[in-house]
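Structural characterization, general
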Amino acid sequence: MTDEFNAAMRRAGKLVRAGNPKAATEAIQNALGAGGLGSMAKGSKSSFGKAKIGRGLRETLSGLAQSTLNGGDSTEPDLPEGATFDSGSFSCSAGSRDYRLYIPNLKGSAPTGLVMMLHGCKQSPVDFANGTGMNQLAEAHGLIVVYPAQSRMANMQNCWKWFDPADQMRGAGEPAILAGLMQQLQRDHAIPKGRSFVAGLSAGAAMAVVLGQTYRDVFDAVGAHSGLPYRAAHDVPSAFAAMGQGATGSDTGEFIPTIIFQGDADSTVSAANADAIAKHAPNGPEVLDDGNTGGRRFSRRSVMAPKGHVVMEQWTVSGLGHAWSGGNSAGSYTDPAGPEASREMLRFFLDLPRKGA
């Protein structure tokens, strides 16, 4: 059975990398069946092998999935005295997700706000924290930061499922899980009203846009770096088409304050998607400016709300690829050059008037 099994494992690896874990499972089960072990792999009640073989199969597939991922730097970040970066898990009727939670040394004061950071494909919460440097900025501003972790059971590449219609609506799927986590943290840490924000990179940015459209009562603003508009796709093929060519997307009415970052050299997510997100901004006075920061030129378009504050900012960074602008090279998908997206996002968030003000 060895040659057949090894060949099946190679086929399974290719299937996992192609995003088809079900077919990978069947390939391994067929190889086991050829050696007389198929019934155990498929859940035989035999006391000899049911749990052991099933567990081994899951571990095998998990290992194959891990081999396709580049999680970046998983080194735990240094913490200031009195700060914590703990692990947790949130569950609700829609499902569950693990997360990491950064709480700065508040020195007895209340937090000034809460930021949810959604990593991109092939990333992890620790990797994303290292790359964006958001913990360090949160420390300076008294902000709590939560980094949800996408489950490999949900997506083998750790991508948030922004492209799945079941995960584009209120009250179900990943939006319900993430909004539920946010609401729990708002209660647990007495977050001030109007000071709950969500930001992300790539698939994480696309999911942040989804949350901004479906849970405006939970999130007060969105930061989208290399993201896509709401309902830009309805399955995996249309997701790749939207990423490569751009998509118009749609919205549900009221615009949520949004800051957008996009590199004009991004070959993974077309810059047309940033335009599609920005086009839903309300009519208002616009300010156009440009400059050179961190060795890269940028242009910025700002749209003003009737009360005079900025309700939408669109940053286009020259020469930036599919990477977090001004990020830390300790994390994956970062570019240390250019304007610091993390710093600019927090500035945009915290400059917004509080609801009811």
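These lines cover the structure that appears in this document, whether it is placed above or below. Remember, predicted model here, so these are calculated numbers, not experimental data. (Residues numbered from 1 in each chain as written. Predicted model: local features only at pLDDT ≥ 70, side-chain atom pairs only at ≥ 80, totals over all residues. Heavy atoms only, no water.)

This model, assessed by the stated rule, comprises eight aromatic pairs. Ring geometry for phenylalanine 128 versus tryptophan 324: centroids 5.6 Å apart, planes at 85°, classification edge-to-face. Taken together, the residues span a long stretch of sequence, with phenylalanine 128 in helix α5 (residues 125-132) and tryptophan 324 in strand β11 (residues 324-325) at a distance of 196 residues. For phenylalanine 128, a relative accessible area of 2% corresponds to the buried category. Under the relative-accessibility criterion, tryptophan 324 is labelled buried at 1%. Through a chain of ring-to-ring contacts, the aromatic side chains of Phe85, Tyr102 and Tyr147 assemble into a single cluster. When the ring centre of phenylalanine 85 is taken as reference, the NZ or CZ atom of arginine 100 above it lies at 4.3 Å. (Phe/Tyr/Trp six-rings, centres within 6.5 Å; stacked < 30°, edge-to-face > 60°. Helix = DSSP H or I, 4+ residues; strand = E, 2+ residues; numbered from the N terminus. Buried < 20%, exposed > 50% of the residue type's maximum accessible area, 1.4 Å probe, protein only. Lys NZ or Arg CZ within 6 Å of the ring centre and 35° of its normal.)

Let's shift gears to helix α6 (residues 134-141). Two residues of an α-helix separated by three or four positions point the same way, owing to the 3.6 residues in each turn. Every buried residue of α6 is listed here: Met134, Asn135, Leu137 and Ala138. Angular distribution of buried residues about the axis of α6 spans 160°; they occupy a single face of the element. Exposed side chains of α6 directed beyond 90 degrees from the buried face belong to Gln136 and Ala140. Along its buried surface, α6 packs onto β1 (84-92), β2 (95-103), β3 (113-118), α5, β4 (143-148) and α11 (341-351). Phi turns positive one or two residues past the end of α6, at glycine 142, with a value near 70°. (Arc of directions from axis to C-beta. Contact = heavy atoms within 4.5 Å.)

Bringing the pattern of salt bridges into the picture now. For the structure on display, the rule yields 12 salt bridges. For lysine 161, the salt bridge is made with aspartate 167, and the minimal N-O distance between the two is 3.7 Å. In terms of burial, lysine 161 and aspartate 167 fall into one category: buried. One salt bridge connects aspartate 289 with arginine 300, and the closest N-O pair in it is separated by 2.8 Å. (Salt bridge = Lys/Arg side-chain N within 4 Å of Asp/Glu carboxyl O.)

Let's shift gears to empty space enclosed by the protein. The gaps left among the atoms become clear once a water-sized probe is rolled over them. Per the counting criterion, the structure on display carries one cavity of 30 Å³ or more. Of the voids in this model, the largest cavity is the one considered here, and its volume is about 120 Å³. For the lining of the largest cavity, the leading source of residues is helix α8 (residues 203-214), giving three residues. Tallied by class, the residues present in the lining of the largest cavity amount to seven nonpolar, five polar and one charged. (1 Å grid on protein atoms, 1.4 Å probe; cavity = no way out; pocket = protein on both sides within 12 Å on 5 of 7 lines; lining within 4 Å. Points joined across faces, edges and corners; volume = space filled by probe spheres on them. Nonpolar A, V, L, I, M, F, W, Y, C, P; charged D, E, K, R; others polar.)

Take the state of the cysteines next. Per the counting criterion, the structure on display carries one disulfide. The disulfide that involves cysteine 121 links it to cysteine 159, with 2.0 Å between the sulfurs. Of note, the bridge from cysteine 121 to cysteine 159 carries an S-S torsion of about 130° and is right-handed in sense. Linking cysteine 121 in the loop between β3 and α5 with cysteine 159 in the loop between β4 and α7 (173-188), this pair joins segments that are 38 residues apart in sequence. Taking the relative accessible area as the measure of exposure, cysteine 121 reaches 23% and is therefore partly exposed. (Disulfide = S-S within 2.5 Å.)

Let's shift gears to the nonpolar core. Core analysis: the largest hydrophobic core is formed by 54 residues, its most contacted members being Met116, Leu118, Val146, Trp162 and Phe219. Considering each element in turn, this core owes the most residues, eight residues, to α8. With residues near it in sequence (within four places) discarded, methionine 116 still touches Val146, Pro148, Leu178, Leu181, Met182, Phe197, Val198, Ala199, Leu211 and Phe219. Among the nonpolar cores identified, the runner-up in size contains 32 residues, and Ala129, Ala341, Met345 and Leu346 belong to it. (Core = buried A, V, L, I, M, F, W, Y, C linked by side-chain atoms within 4.5 Å.)

So, about the sheet that holds β3. Either a parallel or an antiparallel arrangement is found when strands of a sheet pair, and the pairing is made through backbone hydrogen bonds. Strand order in the open sheet formed by 10 strands is β1-β2-β4-β3-β5-β6-β7-β10-β9-β8, and the pairing between neighbours is mixed. Across the chains shown, the open sheet's two edge strands, defined by having one partner strand only, are β1 and β8 (286-293). Averaged over all adjacent pairs, the angle separating strand axes in this sheet is 20°, with direction ignored. Note that β1 and β2 share nine bridges and pair antiparallel. Along β2, the bridge assignment pairs serine 89 with aspartate 98. α6 rests against β1, β2, β3 and β4 of the sheet, and its axis sits at about 155° to β4. Strands in contact with α11 are β3, β4, β5 (196-201), β6 (221-225), β7 (258-263), β9 (296-304) and β10 (310-317); relative to β7, the strand with the most contacts, it is inclined by about 160°. (Pairing = 2+ DSSP bridges. Axes fitted to C-alpha atoms, helices over the stretch in contact; angles between N-to-C directions.)

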